[in-house]
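This is what each chain is made of:
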Amino acid sequence: MVLAATPAGLVAAALAHAFGLFVAVSVGANISGGHVNPAVTFGAFVGGNITLLRGIFYIIAQLLGSTVACLLLFFSTGGLTTAGFALGAEVSVWNGFVFEIVMTFGLVYTVYATAVDPKKGDIGTIAPIAIGFIVGANILAGGAFTGASMNPAVAFGPAVVSWDWTNHWVYWAGPIIGGGLAGLVYELLFIGRSHEPIPASEY
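Right, let's walk through the structure included here. The written sequence of each chain sets the order in which its residues are numbered from 1. Two thresholds apply to this predicted model, a pLDDT of at least 70 for residue-level local features and 80 or more for giving and counting side-chain atom pairs, whereas whole-chain, interface and lining totals are computed over all residues. To obtain the side-chain values, all non-hydrogen atoms of the structure were used and water was disregarded.

**What about the side chain of Ser66?**
Secondary structure follows DSSP: runs of H or I at least 4 residues long count as helices, runs of E at least 2 residues long count as strands, and numbering of each begins at the N terminus. Note that Ser66 resides in helix H3 (residues 52–76). Residue classification places Ser66 among the buried residues on the basis of a relative accessible area of 13%. Pairs of N or O atoms within 3.5 Å make up the polar contacts considered here, provided that, within protein, one atom can donate a hydrogen while the other can accept it, and that residues adjacent in sequence are counted only when both atoms are side-chain atoms. Within polar-contact distance, the side chain of Ser66 engages the backbone oxygen of Ala153 at 2.5 Å. Any two residues having at least one pair of non-hydrogen atoms within 4.5 Å are treated as being in contact. If we skip the residues at most four places from it in the chain, Ser66 touches Ala153, Val154, Phe156, Gly157 and Pro158. Categorising residues by exposure relies on relative accessible area from a 1.4 Å probe, with only protein chains included: less than 20% of the type maximum marks a residue as buried, more than 50% marks it as exposed, and the intermediate range marks it as partly exposed.

**Focus: the environment of Leu87**
Looking at the secondary structure, you find Leu87 in the loop between H3 and helix H4 (93–116). Once you skip the residues sitting within four places of it in the chain, Leu87 turns out to touch Ser92, Val93, Gly96, Phe145, Thr146, Asn167 and Tyr171.

**Focus on the environment of Leu189**
In this fold, Leu189 is placed in helix H7 (residues 170–191). In this structure the C-alpha to C-alpha distance between Leu189 and Gly48, which are 141 residues apart in sequence, comes to 14 Å.

**Considerations on the side chain of Thr41**
Mapped onto the elements of the fold, Thr41 is located in helix H2 (residues 38–46). Note on Thr41: relative accessible area 2%, which makes it buried. There is a polar contact of 2.8 Å between the side chain of Thr41 and the side chain of His35. Non-local contacts of Thr41, meaning those with residues more than four positions away in its chain, are made with His35, Ile50, Gly55, Tyr58, Ile59 and Gln62.

This is the structure we're talking about:
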């Protein structure tokens, strides 16, 4: 997605994404645990907090949701171009790849610390706010470089509608690796518990 080129536009985009994700996670928390991101779902799976089958269903739903949303936007605006994510000027593919790993690591680490960790206590009630804020902060930090996707589904929908797959693998590989690493690191270092049986809430 091409974010606004001006600093004010970038701040507006960051705030819009932060509040939007806050609402999305809050709305879905009691249904799916608020899974709206394949990287988060993969990170939860790597840490043993969700089954493989459920994770696959979640990811399919996330991709379908993104695609349908972009199609609705396309038709409701009379064919307005729905731009996909793109690397910034002078940002190499590998730079973008690393950016997406780092930003998604921070996002999934935040999800674990505020929503997954059984020791979180009352902080779990502000998990959607913290998750929205970390996404907003990452957009401010990396939006000009990669668009700050951190979410393969968010990159997939616009790519399908615009049929522009340029460097699309970056927006899958980076977030999946970053999310998986965050889930593994947090689970091993701070939770370190058995996952049999998996809790009904699954986060």
